[in-house]
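Results of the structural survey
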Amino acid sequence: MRAFARWLPAVVLAVTVCGAAIGQDSESEKDAKKAYTPKESGVFAEVTAWFAQPSGLGLTPATETGDGTGADTHPLSVDLGTANRMRTRIGYRLPHGLGEFVLTWFAHEDTRTFERLSPSDFVYGEILAHPVFAGTFDDGLADGFSSDILVRMRDLRIDYYRDAFSSPRIRGKWYVGYRRVSLQRNIDALYYSLAPNLPAILDPLTNGPKPGLDPLPDFARVRSEFSARGAEAGLEVEMPVLRRFRIEAGLGVAALRGRMSSEYASTTHTYAIDENGTLIFVEPPFDLLGEFIDPQNPELGAWVDRAVQESFGIGYSSNNESANSFAVETYLGFRWRVWRDLDLVGGFRTATFGNVGLELRPKNVTLNPNGSYNVQDVTRTTYDVNFEGYYAGVAYVY
């Protein structure tokens, strides 16, 4: 259904353009369906609330599995919903039918916090964290997570419009212009071990739990920034239905070129014995740590002093890479003259931006005994973003 709605304005536009030839020769309904005649010149403004829903951003901080086998694993994704954002158009119509200059501005920003907590039930996959030592038991699973998500988009257009054809039944305008687009996508995630049921490790001095060995949360950060500019062109048509009411549709495309940056960071944890700077990693279920239960035994006490929780941080970034992108925008709506030069407008709009996001993931990582690492390869994933939804607002000609 979403795909059909996305291309419906383009289909309507094609049908109406084909019907222009019929409208050119038909004058019999001129009085009943009189075409709108704009002012000779002047400033006009349009403000609409666009209930746009972004999609294609891959906002999935974790997965969830039911029986632990992975057979019923499914992603836990964030749905940003249809946020109300203002879209503003300001233009000036030149005298003597020489065309129009129009500036269009749209800004979208959404932040969400998404979390799930299920103590002692390790069913959440740490899909953003690097797999080396991910999860308290090095299995990539947590019993809770929390994520902060930011999506920020800016879209500026400056266009020149000129009449393409006109008749009592249909009127069309072509346009060319400049478009600048920026998009930012951030995901920060913490993966918890709330109730891990680990072996007790006692401090020889206090006969209590040794500090610093409670499982620390794993952390992951995925960020992407895109900014580009380029040329665009399109066609808009309107068809009078009643004297004060008309249908309108439009199709525009843009070729964009700019820069793209991406950042990935991950911190996971594991247990180890520190032998004079050389780490001896302890594998799950950490039975070796559970043997440190007799604080009166000097040998065991010495081992306890050397038990540490080691952090494994890995990151990769790419800055200001050259990027080619595109934009395709369509809409289908209505315009109703309610009072003098005041119009009510509404309809459905969709805008697709291609190759506007980059996600990097280090792979084939070599771990050294001193805790350092070497990244031998990186996975690169690009994605497209689509904004679509209904819009409503007012327009006025001065």
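Counting from 1, residues in each chain are numbered in the order their sequence is written. Side-chain atom pairs in this predicted model are given and counted only at pLDDT of 80 or more, local residue features only at pLDDT of at least 70, and totals for whole chains, interfaces and linings cover all residues. Each side-chain value is derived from all of the structure's non-hydrogen atoms; neither hydrogens nor water enter the calculation.

Details of the overall build of the chain
Each helix and strand counted, the chain has 4 helices and 15 strands in total. In the chain, which comprises 398 residues, the share counted as buried stands at 46%. Throughout, a contact is declared for two residues whenever any of their heavy atoms are within 4.5 Å. Partitioning the intrachain contacts of the chain with sequence separation of at least 6 by distance along the chain shows that 77% fall at a separation of at least 24. Only the protein chains shown count as cover for residues, and the accessible areas themselves come from Shrake-Rupley with a 1.4 Å probe. For the chain, the exposed area adds up to about 19200 Å²; of that, 56% sits on carbon and sulfur atoms. Only DSSP runs of H or I with at least four residues qualify as helices, and only runs of E with at least two residues qualify as strands; both kinds are numbered from the N terminus onward. A 1.4 Å probe rolled over the protein chains alone gives each residue an accessible area, and that area as a share of the maximum for its type sets the label: buried under 20%, exposed over 50%, partly exposed in between.

Side note on the confidence of the model for the chain
Each residue carries a pLDDT score, the predictor's confidence in it, ranging from 0 to 100. When the pLDDT values of the chain are averaged, the result is 83; 79% of them are 70 or greater. Taking the mean pLDDT of every element in the chain, the minimum, 41, falls on helix 2 (residues 20–25) and the maximum, 97, on strand 9 (residues 171–192). The model gives residues 1–5 a pLDDT under 50, and that stretch makes 4 contacts with residues more than four places away or in other chains. Note on residues 7–35: pLDDT under 50 across the span, and 43 contacts to partners over four residues away in sequence or across chains.

A look at the environment of F133
Structurally, F133 can be placed in the loop between strand 6 (124–125) and strand 7 (141–142). Assessed through its relative accessible area of 14%, F133 is described here as buried. In sequence terms F133 and D218 are 85 residues apart; their C-alpha atoms lie 9.2 Å from each other. Excluding residues that lie within four positions of it along the chain, F133 makes contacts with D138, D218, T268, H269, T270, F281, F312 and L367.

A word on a nonpolar patch on the surface
Judged by side-chain polarity, V47, M86, W336, V338, W339, L344 and V394 come together as a nonpolar surface patch covering roughly 610 Å² of accessible area. Looking at the nonpolar patch, the element that brings in the most residues is strand 13 (residues 307–339), giving 3 residues. Turning to its location among the elements, L344 is positioned in strand 14 (residues 342–367). We classify L344 as partly exposed; its relative accessible area is 31%. Patches were defined on residues exceeding 30% relative accessible area and lacking a salt bridge, with like-charge contacts within 9 Å and nonpolar side-chain contacts (Val, Leu, Ile, Met, Phe, Trp, Tyr) within 5 Å. The term salt bridge refers to a pairing of a side-chain nitrogen on Lys or Arg with a carboxyl oxygen on Asp or Glu at a separation within 4 Å.

A closer look at the pattern of salt bridges
Counting across every chain of the model gives 30 salt bridges. Among the salt bridges present, the one from R154 reaches E109, with a minimum N-O distance of 3.3 Å. Residue R154 is found in strand 8 (residues 144–166), and its partner E109 is found in strand 5 (residues 100–117); the two are separated by 45 residues along the sequence. Overall, R154 belongs to the partly exposed group, its relative accessible area being 24%. Exposure remark for E109: the relative accessible area of 32% places this residue in the partly exposed category.

Some thoughts on the pairing of strand 15 (residues 373–397)
At least two DSSP bridges between two strands are required for those strands to pair. With 10 bridges joining them, strand 1 (residues 42–55) and strand 15 adopt antiparallel strand pairing. Residue pairing in the sheet places V47 in a bridge with V394 of strand 15. Here 22 bridges tie strand 14 to strand 15, and the two strands are oriented antiparallel to one another. What sits directly across from V345, in strand 15, is G393.

Focus: the side chain of E248
Positionally, E248 belongs in strand 11 (residues 245–275). In protein, a polar contact requires one atom able to donate a hydrogen and another able to accept it; more generally it is a pair of N or O atoms within 3.5 Å, and residues adjacent in sequence count only if both atoms are side-chain atoms. A polar contact of 3.1 Å, which involves the side chain of E248, links it to the side chain of R335. With near-sequence residues (within four places) excluded, E248 lies in contact with V237, E238, Y331, L332, G333, F334, R335 and Y391.

Details of the nonpolar core
Grouped together as the largest cluster of nonpolar side chains are 45 residues, with contacts concentrated most on L57, L59, Y191 and F353. Apart from residues lying up to four places away in sequence, L59 is in contact with L76, S77, V78, L80, I149, V151, R185 and I187. Residues belong to a common nonpolar core when they are buried Ala, Val, Leu, Ile, Met, Phe, Trp, Tyr or Cys residues joined through side-chain atoms within 4.5 Å. Membership of the second largest hydrophobic core comes to 6 residues, among which are L213, Y271, V282 and F286.

A word on the sheet that holds strand 3 (residues 74–76)
Across the sheet, which stays open at both edges, the 4 strands sit in the order 3-2-6-7 with antiparallel pairing between neighbours. Two strands close off the open sheet at either side, each with one partner strand: strand 3 and strand 7. Pairing of strand 2 (residues 62–64) with strand 6 involves 2 bridges; the strand directions are antiparallel. What sits directly across from T63, in strand 6, is G125.

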